[in-house]
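# Coordinate analysis (summary)
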Amino acid sequence: MNDWIVTNAPILIIATPLFAAFLTPLVDRVSKRGRDAMVFVATLITLVIAFILAKNVFDNGLVVYTLGGKSVGLTLPSGYHVPVRIILEVDGMSVFMAMISTLTSFVGLLYSFSYIKGEGSGKYYTLFLMMLVGMLGMEMTGDLFNLFVFLEILSVSSAALIAFYARKGKPLEASIKYIIISSLAALFVLFAIGLLYGEYNLLNMGALAGEISSEATFTFTTQIAFILLFASFVLKAGAAPMHMWLPDAYGEAPGAISMVLVAATQASLYALLRVCFTVYSMAIDASTIGIILISLGLVSIFIGATMALIQINMKRLIGYAAVAEIGYILLAIGVGFFELAKVGGGGVISEYGLKALQGGVFHIFNDVLDIGLLFLVAGAVIYVTKESNLNKLGGLAHSMKYSSIFFIIGMAAVSGLPPLNGFASKILIYESVYKVSPITSIIAILASIFMLAIFVKIFHSVFMGPKLSEFATCKEAPKLMLGSMAVIAVIMIFFGLFPDFVVNNIVNPAVNALMNQAGYIGSVLGGV
Amino acid sequence: MALETTGGYWSPVIWLAAFIVAFLISYIIWGMGEKKHAKGEQEKPFLSGMEEPPKEEVHIRAENMYWGFTDTLRGYYDFMKKIHTGIINDYVLWFLGMATIFFIVVILPEVFK
């Protein structure tokens, strides 16, 4: 049984929430408690599978899973030497992302049990599980077309959830904007896939990478496809100046969904990394792409931090801070990619290039945790007070003691204060970026200080001051909400106190997987 | 227990030990402060003899925080607000504009090589 789970984990991790999503409306008609129990068990099983799969990949290396065939080679019609069936390719980076997606979804679900009540809640959980399916599908697949399909599943379910609790007004507007932007990105991705298929008759990323890395088969059309993929995933990752949809969507979604949306945005960032590092890697001008990523990172940090300062809506403010955090990731990944370009296809990447990649990948997890926790606290404040305007809030620390403590933890982490997790990844980023461009590193450090000032503004406006008469009857958030925040806070503290453990055991396999393009290609083509 | 960075290492345990020592020193200094102040009247802020308004009325709201900073950078913020229109057409234009820039920066140099 155990072996069967380990062997089939790549498909079970997608199939479990997918099956539960379709079962939810049926169980909902019979029993609300039964529905909650089923959704909880399905999400918990998915989380456990993610960790089983992660252990397998960390111990044994990349896992290739072919649907409908025992091996990649068996998928071929006679004499046709390319992988044609649906193939899941799970490496260190895939399981790193899967852990983020399943963990945030599990915590978000616990939070939702208190937050989402009343009519239509069955549909909420169906969409919630579909969102998880979309993220995991994008992270597990080895096929570009399936990546597009799961991107669509993720976008449609996310758009529906952003406006879930509203019948008019800003949430609907935010949802419409999100779906238009997502559809546009998906169309560009589909067009790029069409170009690549027309060029190589291939959809598998490993096989495509094999063709693209050969100078003889690298064409102008392949470059156009790269630009389309690159621009689309940068847009979906929320990098400035294409970030404007992000504060709209994050700001209007229910609290738990805002947190899961952060993980969903990171799934798009994963797709960007997969395209840059695995599919194209050294075939494109990697130093130019590195500089573009560094520039996008810097602009995102600057615009995200400065625009957050003038927001008066609590969740929109956190949304802009999320843009700045994505900037840190892009900055670090850009430095890593730039350094990787120097050594070309072979050789050893410089130490600071490696540290930059470690910092960037580590910060993906930290961003989801830090911003996620702040969104959960913001959701709790809105749940209790029915107010998100910072000018109207105040004095809530009198009645929401635990929430205010969780906010302090999130605030300190996102601002990069030691000894929390945000500092551990940011110090890796600062020092490695400094080697490439000292001024860029200084701007990144100043932006972090700026972020602290911004979150002090929220903390003062929302939690400090005398107890206001309009919130005199407000009580602490429900226990399940507090429990969800506590889970995230504990993980953040653990990551902060034991960063070496996290980097050595979780981050390094992901970074090694990103840099090992040959291994990814060989795992598929070796079986053909 | 220490994370190796580019320039050295980061050890949260050493940081925590240093923090605890600093906290204890601060606590001892704070404990040596004057304890015999009069409760009530002496604790009130002095506002040039004016009566202190109720606390609810003097709580500084979010909009008023950092006003000096945002006022100094008014030109920058006016520009940023202008480009953050909230109109989806503009979002799409930004995307198309950036895609064009990526095309020019990445592909055109290859074409004219």
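Structure's up top.
Structure report, in brief. (Residues numbered from 1 in each chain as written. Chains lettered and ligands numbered in written order. Predicted model: local features only at pLDDT ≥ 70, side-chain atom pairs only at ≥ 80, totals over all residues. Heavy atoms only, no water.)

What follows deals with the overall build of chain A. Looking only at helices and strands, one finds 19 helices and two strands in chain A. By the compact-globule yardstick of 24 Å for 528 residues, chain A fits well, its C-alpha radius of gyration being 22 Å. Counting every position in chain A, which comprises 528 residues, the buried fraction comes to 65%. Within chain A, counting contacts between residues at least 6 apart in sequence, those at least 24 apart form 81% of the total. As displayed, chain A offers around 17000 Å² of accessible surface, 66% of which is attributable to carbon and sulfur atoms. (Helix = DSSP H or I, 4+ residues; strand = E, 2+ residues; numbered from the N terminus. Rg over C-alpha atoms; globule rule 2.2 N^0.38 Å. Buried < 20%, exposed > 50% of the residue type's maximum accessible area, 1.4 Å probe, protein only. Contact = heavy atoms within 4.5 Å. Areas by Shrake-Rupley, 256 points an atom, 1.4 Å probe, with all protein chains shown as cover.)

Glancing now at empty space enclosed by the protein. If you walk through the whole model with that rule in mind, you get two cavities of 30 Å³ or more. Computed from the structure, the largest cavity encloses a volume of approximately 40 Å³. Sort the elements by how many residues they give to the lining of the largest cavity and helix H10 (residues 255-280) of chain A lands first, with four residues. Within the lining of the largest cavity, the residues separate by chemical class into five nonpolar, two polar and one charged. By volume, the second largest cavity is sized at about 30 Å³. Around the second largest cavity, the lining residues are Ile181(A), Leu235(A), Pro241(A), Met242(A), His243(A), Met244(A), Trp245(A), Tyr91(B) and Trp94(B). For the lining of the second largest cavity, a count of residues per class yields eight nonpolar, one polar and no charged. (1 Å grid on protein atoms, 1.4 Å probe; cavity = no way out; pocket = protein on both sides within 12 Å on 5 of 7 lines; lining within 4 Å. Points joined across faces, edges and corners; volume = space filled by probe spheres on them. Nonpolar A, V, L, I, M, F, W, Y, C, P; charged D, E, K, R; others polar.)

Attention now moves to the interface of chain B and chain A. Contacts between the two partners involve 45 residues from chain B, matched on the other side by 68 residues from chain A. For the pair chain B and chain A, the summed buried surface comes to about 5000 Å²; carbon and sulfur atoms form 76% of the total. Three residues stand out in chain B for area buried against chain A, namely Thr6(B), Phe95(B) and Phe102(B), and they jointly supply 15% of the buried area on that side. For the pair chain B and chain A, the number of links is zero salt bridges. Where chain B meets chain A, there are 15 residue pairs in polar contact (both at pLDDT 80 or more). When residues of the side of chain B that touches chain A are traced back to their parent elements, those giving at least two are strand S1 (3-4), helix H1 (12-31), helix H2 (55-58), helix H3 (67-72), helix H4 (74-83), helix H5 (88-106) and helix H6 (108-111) of chain B. The element best represented in the side of chain B that touches chain A is H5(B), accounting for 12 residues. Broken down by class, the residue content of the side of chain B that touches chain A amounts to 30 nonpolar, eight polar and seven charged. (Buried area = accessible area lost by both parts, 1.4 Å probe. Salt bridge = Lys/Arg side-chain N within 4 Å of Asp/Glu carboxyl O. Polar contact = N/O pair within 3.5 Å; in protein donor to acceptor, adjacent residues only side chain to side chain.)

Before going further, it helps to spend a moment on the packing of helix H8 (residues 220-237) of chain A against helix H11 (residues 286-309) of chain A. Residues and elements named next belong to chain A. Look at H8 against H11: their axes get within 13 Å of each other, and the N-to-C directions meet at 20°. With respect to H11, the axis of H8 lies roughly parallel. Between H8 and H11 the crossing geometry is right-handed. From H8, Phe226, Phe230 and Val234 reach across to H11, where they touch Ile289, Ile292, Leu293 and Leu296. Considering only residue class, the contact of H8 with H11 consists of seven nonpolar, no polar and no charged. (Axes fitted to C-alpha atoms, helices over the stretch in contact; angles between N-to-C directions. Parallel < 35°, antiparallel > 145°, perpendicular 65-115°, else oblique. Left-handed = near helix turned anticlockwise from the far one by under 90°.)

Residue and element names in this part refer to chain A. Taken as a whole, this structure holds 10 salt bridges over all chains when the rule is applied. Across the salt bridge formed by aspartate 28 and arginine 35, the nearest N and O atoms sit 2.7 Å from each other. Each member of the pair, aspartate 28 together with arginine 35, is buried. Look at the salt bridges and you will find they share partners, linking Asp28, Lys32, Arg35 and Asp36 into a network.

Now for the packing of aromatic side chains. Residue and element names in this part refer to chain A. Using the criterion set out here, one finds 33 aromatic pairs over all chains in the structure. On the numbers, 5.5 Å between centres and 85° between planes, the contact of tyrosine 250 with phenylalanine 375 is edge-to-face. Placement of tyrosine 250 in helix H9 (residues 245-252) and of phenylalanine 375 in helix H13 (residues 351-385) is noted, with a sequence separation of 125 residues between them. Taken as a pair, tyrosine 250 and phenylalanine 375 share a single burial class, namely buried. Joined through ring pairs, the aromatic side chains of Phe96, Phe362, Phe365, Phe494, Phe495, Phe498 and Phe501 make up one cluster. Lying over the aromatic face of tyrosine 383, lysine 386 brings its terminal NZ or CZ to 5.2 Å of the ring centre. Sitting over the face of the ring of tyrosine 328, lysine 426 holds its NZ or CZ atom 4.3 Å from the ring centroid. (Phe/Tyr/Trp six-rings, centres within 6.5 Å; stacked < 30°, edge-to-face > 60°. Lys NZ or Arg CZ within 6 Å of the ring centre and 35° of its normal.)

Time to look at a nonpolar patch on the surface. Residues and elements named next belong to chain B. Together, Phe19, Ile20, Phe23, Leu24, Tyr27, Ile28, Trp30 and Met32 make up an exposed nonpolar region whose accessible area comes to about 980 Å². Structurally, the position occupied by isoleucine 28 is in helix H1. When its relative accessible area of 52% is taken as the criterion, isoleucine 28 is described as exposed. (Patch = residues over 30% accessible without salt bridge, like charges linked within 9 Å, V, L, I, M, F, W, Y side chains within 5 Å.)

Our focus in this paragraph is helix H7 (residues 205-212) of chain A. Residue and element names in this part refer to chain A. With six of eight residues buried, H7 is to be regarded as a mostly interior element. Buried within H7 we find Met205, Gly206, Ala207, Leu208, Ala209 and Ile212. Turning to H7, the residues buried within the fold contact strand S2 (87-90), helix H5 (144-162), helix H6 (170-200), H8, H10 and helix H19 (517-525). N-cap assignment for H7: the residue whose side-chain oxygen lies 2.9 Å from the backbone N of glycine 206 is asparagine 204.

Omega for the bond connecting Ala240(A) with Pro241(A) falls within 30 degrees of zero, at 5°, which places this linkage in the cis form. Cis rather than trans, the peptide bond between Pro418(A) and Pro419(A) has omega equal to 5°. Mapped onto the fold, Pro419(A) is located in the loop between helix H14 (401-414) and helix H15 (421-436). Backbone geometry at Lys386(A) places phi at a positive 60°, although glycine is not the residue there. One non-glycine residue, Tyr66(B), lies in positive phi territory at about 60°. Mapped onto the elements of the fold, Tyr66(B) is located in the loop between H2 and H3. On the accessibility criterion, Tyr66(B) (27% relative accessible area) is partly exposed.

Of note, Ser94(A) is situated in helix H3 (residues 92-115). Those residues in contact with Ser94(A) that lie beyond four places of it in its chain are Glu89(A), Glu139(A), Met140(A), Tyr270(A) and Arg274(A).

Another point: the packing of H11(A) against H5(B). Their axes nearest at 10 Å, the elements H11(A) and H5(B) cross at an angle of 145°. For the pair H11(A) and H5(B), the crossing hand works out as right-handed. For the pair H11(A) and H5(B), the contacting residues are Thr288(A), Ile289(A), Ile292(A) and Leu296(A) in the first and Met98(B), Phe102(B), Val105(B) and Val106(B) in the second. Broken down by class, the residue content of the contact of H11(A) with H5(B) amounts to seven nonpolar, one polar and no charged.

By themselves, these observations are geometric and do not establish any function.
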